[in-house]
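As a plain string of letters, each chain reads:
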Amino acid sequence: MLLKSLLPGRTATKRDLWALRDVSFAVEPGETAAIIGRNGAGKTTLLRLIAGVSRPSEGRVRVHGRIAPLISVGVGFHHEMSGRENVLVNGMLLGLSRRQVAQRFDEIVAFAELDDLIDTPVKFYSSGQYVRLGFAVAVHSDPEILLVDEVLAVGDMGFQLKCFDRMRELQGSGTTILLVSHSLHAVRLLCPRVLLLSKGRLVTDAPAETAIGRYHELLSAEPTHLGGAHDPVTALSRSVEGPDGPTHHPKRGDELRYRVELQFNQAVDSPSLSFQVTSDTGIVCYAMNTKPGQTWRRFEPGDTVELEVAFNARLGGGTYRLSVVVADRNAGKLLAMNVGEVPIYIAPRPGSLGWADLEATITAFGLELSEYDDLTLKAVPGSRVGG
Amino acid sequence: MTEVSELGAPRMVELTNRPDTRLSWLSDLGRHFDVLMVLARKDFHTRYKRASLGLAWAVVVPVFQGLIMAAVFARVVRSAGGHGYAAYVMSGMFAFAYFSQTLGAGVTSIVDGASLTDKLWFPRILLVTVPALANSVGLAITFAFLLAALPLLGGVYGIHLLLLVPSLLLLVSFTTALALVLSALHVYFRDVKFLVQAALMVWLYLTPVIYPISLLHRFAPFVIANPMTGIVALVHLATLGTSRGAILVPLLVSLGSTAVLAVVGAEAQRRHDRLFVDLL
């Protein structure tokens, strides 16, 4: 169905930047796979190669089937043309005939919810409206292969749900879907298989939970979170340990130990240290100060202190960052945030949402269990906006 | 490398670091002919849609240019006047207006089309041919105007007017072929756009649009080597029924350069087709 192999070969000259290297995989018809990785990992480049927009400098991309374009912000539209004209051009570029586009036109506009704006040049559209129209055209062109680049992060919540439903439908009808997304919830729910890219290389090709866990290990291996010598406080080392040793994807309710060794780079009379858990959207889910009221000794530059925080991961599903906040208690000044940051990923309890795991049980009288499953799927994708 | 299904869409595409083969590139091009027509129509409409005088501008602008040129040069170059001079200037001006407008839009077409090409595959050569095709509607309108006003401009109706068809076809072909080469170059060297703007100013004066070729004795080699000379001379012949100066050699230059540029341009487009996008 779809085979890619970018084989290693001649060495790159200094000025060459390899967006992708050693990436080999095949996706079977009807399969759904997600591509995850940090910004600049090569995710979009990979989709562009598969879309045929760009060709590889080495290796081979083989695609069987009709491809709907990369759907992302600014998808193949002509800015001066109206929405109506763009639907026609776009639909035809996707392989529909003029008549087929005309037949599906009302359906497309209704799906995009752009009835009022359809005769306005698309340059006046918001980024969300842009993506809505692009997605609508693509899913109405009977694609055999759908390439989706960060759609779920752009539209409003209502539209995200609609996209999500539509992708489910296409999955059911045998469309092959490749999804690039930072929304790990969406990835987990839509894609049984996840490809993890890092710096242009395929690191992991595995079931979703495994790959997402590995992604968090990679994130924490990045030295950038440690801070530099110019910061008032830097972390020398940090780790998270679960019941089975070091981990970045603990289970819900695991007893975890977060260890961090801090070094002071400037003299602080009475520092206050707090342990903090933040969501990937920056919300503080939990914070705990070191022994409130305790007087600390003065720290000189070069002095170190080791902290160990033991806690229970009663967290909802998602990505969290464990870190330390350092303040100067006497001066009432914040010295450093997010010191010794470690990301962890916790798989959500099926059907649950949010930052806390309250272990709720629901008894819905007169409701079948299968209906409950449907409700769950519909509730989740809207939970994370942005990426 | 491309298998074709019943629907006409490619069933299997294989991409390597080599360009598409000529055959698959051409068949891909053929499949996108409908899209070209739609894009050209939209291009034509958007150009005039927002202006209150609309389509009239397609005629008014070159007529105005022609009138000024004729007025100025009729005084400066005495011998330029004479019977049918107005028709001579107008027809040449209309042809040259198409050339300069289309070349200006064509050179930047691939760079300007980035928003359309960023996520979606189609042969990029389409973008270059869009202005050539869209502007040819304007060209047809200006020459329809010329035909209607021919008696007023000092021309006469006759069989020679049929020559307008091949002469305008040659004009469109040469312009498109040159745009193919320059638009590909412009992706790599963004100076091309400005060079073209500057060159077009000089080009007009090296083409016998306003004065007869015989007046340009000192620059004659440049004028004859200029492919537009033959095209404009053919347009003059078609409009007036007589040519003012040699036509055969300039015409051979035009035909030859059109053929060479078309081949070079198409090859450049094919070879760099999927590479452009990374430079936009």
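The structure contained in this document is the topic of the report that follows. Since the structure is predicted, the reported quantities are computational estimates derived from the model, not experimental observations.

### Here's the deal with the pattern of salt bridges
Residue and element names in this part refer to chain A.
Here is step 1: Within the structure shown, the criterion is met by 22 salt bridges over all chains.
Here is step 2: The closest approach of N and O atoms between R104 and D142, which form a salt bridge, is 3.0 Å. Of this pair, R104 sits in helix α3 (residues 98–112) while D142 sits in the loop between α4 (127–139) and β6 (145–149), and the two are 38 residues apart along the sequence.
Here is step 3: With a shortest N-O distance of 2.6 Å, D269 and R298 are connected by a salt bridge. Here D269 is found in the loop between β12 (255–264) and β13 (271–279), whereas its partner R298 is found in the loop between β14 (284–289) and β15 (304–312), with 29 residues between them in sequence.

### Focus: the sheet that holds strand β17 (residues 333–346) of chain A
All names here are of chain A.
Here is step 1: The antiparallel open sheet is built from four strands, whose spatial order is β14-β13-β16-β17. If you trace the sheet from one side to the other, it starts and ends with β14 and β17, each paired once. Strand after strand, the sheet turns through a mean of 20° between neighbouring axes, direction not considered.
Here is step 2: Of the pairings in the sheet, the one linking strand β16 (residues 318–328) to β17 comprises nine bridges and is antiparallel in character. When the sheet's bridge partners are listed, D328 is paired in β17 with K333.
Here is step 3: Contacting β16 and β17, helix α7 (residues 208–221) crosses the sheet at an angle of about 155° to β17.

### Re the packing of aromatic side chains
Here is step 1: Using the criterion set out here, one finds 15 aromatic pairs over all chains in the structure.
Here is step 2: Arranged with centres 6.4 Å apart and planes meeting at 20°, the rings of B:Y85 and B:Y88 form a pair that is stacked. Separated by three residues within a single helix, B:Y85 and B:Y88 lie in helix α4 (residues 85–107), roughly one turn from each other.
Here is step 3: In textbook terms, an aromatic cluster arises when at least three aromatic residues are bridged by ring pairs, as seen for A:Y258, A:F275, A:Y286 and A:F311.
Here is step 4: In this arrangement the basic side chain of A:R132 is found over the ring face of A:F159, its NZ or CZ atom lying 5.8 Å from the centre.
Here is step 5: Over the ring of B:W121 we find B:R274, and its NZ or CZ is 3.8 Å from the ring centre.

Rules behind the numbers
Every chain is numbered on its own, with residues counted from 1 as its sequence reads. A letter from A marks each chain and a number from 1 marks each ligand, given out in the order of writing. A pLDDT threshold of at least 70 governs which residues receive local features in this predicted model, and a stricter bar of 80 or more applies before side-chain atom pairs are shown or counted, although totals over entire chains, interfaces and linings include all residues. To obtain the side-chain values, all non-hydrogen atoms of the structure were included, while hydrogens and water were left out. Definition used for salt bridges: Asp or Glu carboxyl oxygen within 4 Å of a side-chain nitrogen of Lys or Arg. Put simply, DSSP marks the helices as runs of H or I at least four residues long and the strands as runs of E at least two long, and each gets a number from the N terminus on. Two strands make a pair as long as DSSP finds a minimum of two bridges between them. In this analysis an axis means a line fitted to C-alpha atoms, helices contributing only their contacting stretch, and an angle means the value between N-to-C directions, from 0 to 180 degrees. Two residues qualify as a contact provided that any one of their heavy atoms is within 4.5 Å of a heavy atom in the partner residue. Note on aromatic pairs: the rings of Phe, Tyr and Trp (six-membered ring only in Trp) are paired at centre separations within 6.5 Å, and the planes decide the class, stacked below 30 degrees, edge-to-face beyond 60, tilted for the rest. Only Lys NZ and Arg CZ are tested; either one counts as a charge over a ring when it is within 6 Å of the ring centre and within 35 degrees of the ring normal.

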